[in-house]
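The primary structure of each chain is shown beneath.
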Amino acid sequence: MWSPAPPTPSEARAAYDVDAVFYNVELINHLKSLPGDALVHVLPRTGQFPDARSYVGKYSPDYPLEKTGSAVTEQHLLPALQQTRLIKDSFEIALIRKANEISSRAHEVVMRVLGLAVQGKIKQDSNSRPLLPAEWLIETEAEAEAIFVASCRREGAFHQAYLPIVAANDRAATLHYCCNDKAFSWGPVADKRTHNGGHLTSFVPERERGSVLAPQVLLIDAGCEWECYSSDITRTTPVGNGGKFTSEARAIYDLVLEMQQESLAMLRPGVHWDDVQLRCHEVLVDGFLRLGIFRNPEVSHAADLTSQDNLRRNILTSGLSSAFFPHGVGHSLGMDVHDVPSASKPPKTGKYFVPGSNPSDSSAGGHESFYRLLRLRLALLAGMVVTVEPGIYFSPHLLAPHRNSIYLDTTVLARYESVGGVRIEDDVLITENGAENLTTVRSETAWIETVCAGEV
């Protein structure tokens, strides 16, 4: 009466593509039929999984699993299941592809609604009736999330793969910002507009006639799931300023896009994920030197090539770039968004700074902090699906310990801090000879600005 009826065995078999489905009671009978020397594999008693031993003891107290005469082990089943999830077959890839197509369209829908508003093409009826979807504006994080989720659900994707991250302004510097309850900033750009006027929930303050959206970024990290398989996509778009990035935001966006493009070009079987992570930090350091955020403390004029190489190496080994790019460049993707860390990051694996290894063996890897938060530390294999999601963030608490770095020009840095953060994320299949990007929403700077300005 209170909930929908559970599926029948035949319905469950069809829905979940398994070989056989039985009622719980049949498990007891099957266990009783096993030969005495059988080895029974069960999942560990962690609270995350069904406890076969407790279940058998509850429903067959006179015949607990431990007294069947069979050996019982929890050492092998879970690792085997997790290892198989690293490599996707064609059926799984098709589901991830479908989730990506739906989520990609949802990201573009949000951008196009922003663009229609810039062009003044969203007209709201002044009558007392509720606003219709075609009349919805996006002026808060919650409104952006609502349109994204609605777009997914309209296409039959009823569940998000994870809580969407919808962060405007300098809130985009928070990696897993899931509040999604603040209004966009209006009027002149101001630093640290994170308190939402003292209001705890989504609130659009009254605006004077003629006020406009302040230039800011809107970072949306969101993806639906399709038949239990995930997508995980991030786009960072301009809000205000006529749908265009400010010069500082565009410079950071272009640099993150370069980090991602360099990463994508590397992907093929045999490439170690540590090297992809390292390449992102190298591109970031080179870009910050061009922008002047990083500097050469030894000279005030352009250094020769040898000096520049040494400078780059010194900055990398200092770990300073981790203050701006603190997370891993990506992770395995499948039924879970992080699918699954125990298999994608086994203990004491990696190419650089492996726990217990000689630090001198990692001298080419930059700094230990680059790898501390990686969720994948393996050489890539055909059939893996991974996210590629570099980012640059201006987080006050991450920057605080580094503001006195000899390599940091704080005067130049101050011009960029109001950007908040930029991340670009696609889902990528590793193929036999390279990689295929499963994410279809575009990310080129010119295209993003054209759409968010309502020009196409």
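Okay, so let's go over this structure.

Reading the values: rules and limits
Residues numbered from 1 in each chain as written. Predicted model: local features only at pLDDT ≥ 70, side-chain atom pairs only at ≥ 80, totals over all residues. Heavy atoms only, no water. Helix = DSSP H or I, 4+ residues; strand = E, 2+ residues; numbered from the N terminus. Buried < 20%, exposed > 50% of the residue type's maximum accessible area, 1.4 Å probe, protein only. Contact = heavy atoms within 4.5 Å. Areas by Shrake-Rupley, 256 points an atom, 1.4 Å probe, with all protein chains shown as cover. Axes fitted to C-alpha atoms, helices over the stretch in contact; angles between N-to-C directions. Parallel < 35°, antiparallel > 145°, perpendicular 65-115°, else oblique. Nonpolar A, V, L, I, M, F, W, Y, C, P; charged D, E, K, R; others polar. Core = buried A, V, L, I, M, F, W, Y, C linked by side-chain atoms within 4.5 Å. Expected span 1.5 Å × (residues − 1). Arc of directions from axis to C-beta. Pairing = 2+ DSSP bridges. Left-handed = near helix turned anticlockwise from the far one by under 90°.

Some remarks on the overall build of the protein
- When its secondary structure is counted, the protein shows 13 helices and 13 strands.
- Each of the 456 residues in the protein was classed as buried or not, and the buried ones make up 47%.
- Pairs at least 24 residues apart make up 76% of the contacts formed inside the protein by residues separated by at least 6 positions.
- Counting only carbon and sulfur atoms, one obtains 54% of the accessible surface of the protein, whose full area is about 22,700 Å².

Remarks on the packing of helix α5 (residues 90-118) against helix α13 (residues 445-452)
- Taken N-terminus to C-terminus, the directions of α5 and α13 make an angle of 55 degrees; their axes are 7 Å apart at the nearest point. Judged by the inter-axis angle, α5 sits oblique to α13. In this structure, α5 contributes Glu 108, Met 111, Arg 112, Leu 114, Gly 115 and Val 118 to the contact, and α13 contributes Trp 447, Ile 448, Val 451 and Cys 452.
- Looking at side-chain class alone, the contact of α5 with α13 contains seven nonpolar, one polar and two charged residues.

Section: the nonpolar core
- With 70 residues, the main nonpolar core has Trp 273, Phe 288, Phe 294, Phe 324, Leu 380, Ile 392 and Phe 394 as its most contacted residues.
- The leading source of residues in this core is helix α8 (residues 273-291), at nine residues.
- Contacts of Trp 273, omitting those with residues within four sequence positions, involve Leu 267, Val 329, Gly 330, His 331, Leu 374, Leu 376, Leu 378, Leu 380, Val 386, Thr 387 and Val 388.
- By size, the runner-up hydrophobic cluster in this structure holds 21 residues, among which are Ala 99, Val 113, Ala 222 and Cys 224.

Comments concerning helix α6 (residues 141-154)
- Over its 14 residues, α6 runs 20 Å from end to end, which matches the ideal 20 Å to within 8%, given 1.5 Å per residue.
- Buried within α6 are the following residues: Glu 141, Ala 144, Ile 147, Phe 148, Ser 151 and Cys 152. Buried residues of α6, viewed axially, fall in a sector of 135 degrees; they line one side.
- Contacts made by the buried residues of α6 are with α5, β3 (159-160), β4 (165-168), β5 (216-222) and β6 (224-226).
- Directly beyond the C-terminal end of α6, a positive phi value near 90 degrees is found at Gly 156.

A word on the pairing of β4
- Residue alternation in β4 divides its side chains into two sets, Ile 165 and Ala 167 and Val 166 and Ala 168, and both sets are buried.
- Note: β4 against β5, four bridges, orientation antiparallel. Paired with Ala 168 across the bridge in β5 is Leu 218.

Focus on the packing of α5 against α6
- Relative orientation of the contacting elements α5 and α6 amounts to 140 degrees, with a least axis distance of 8 Å. Comparing their axes, α6 and α5 come out oblique. By crossing handedness, the relation of α5 to α6 is classed as right-handed. Here Ile 102, Ser 103, Arg 105, Ala 106, His 107, Val 109, Val 110 and Val 113 of α5 come into contact with α6, specifically with Ala 144, Ile 147, Phe 148, Ser 151 and Cys 152.
- Residue composition of the contact of α5 with α6, grouped by class: nine nonpolar, three polar and one charged.

Description of unusual backbone geometry
- Going from Asp 339 to Val 340, the amide bond is cis rather than trans, its omega being -20 degrees.
- Among the structural elements, Val 340 can be located in the loop between α9 (305-318) and α10 (341-344).
- The phi torsion at Lys 348 lies on the positive side, around 55 degrees, for a residue other than glycine.
- Considering the arrangement of structural elements, one finds Lys 348 in the loop between α10 and β9 (385-388).
- Judged by relative accessible area, which is 64%, Lys 348 ranks as exposed.

Keep in mind that these numbers describe shape and distance, not what the molecule does.
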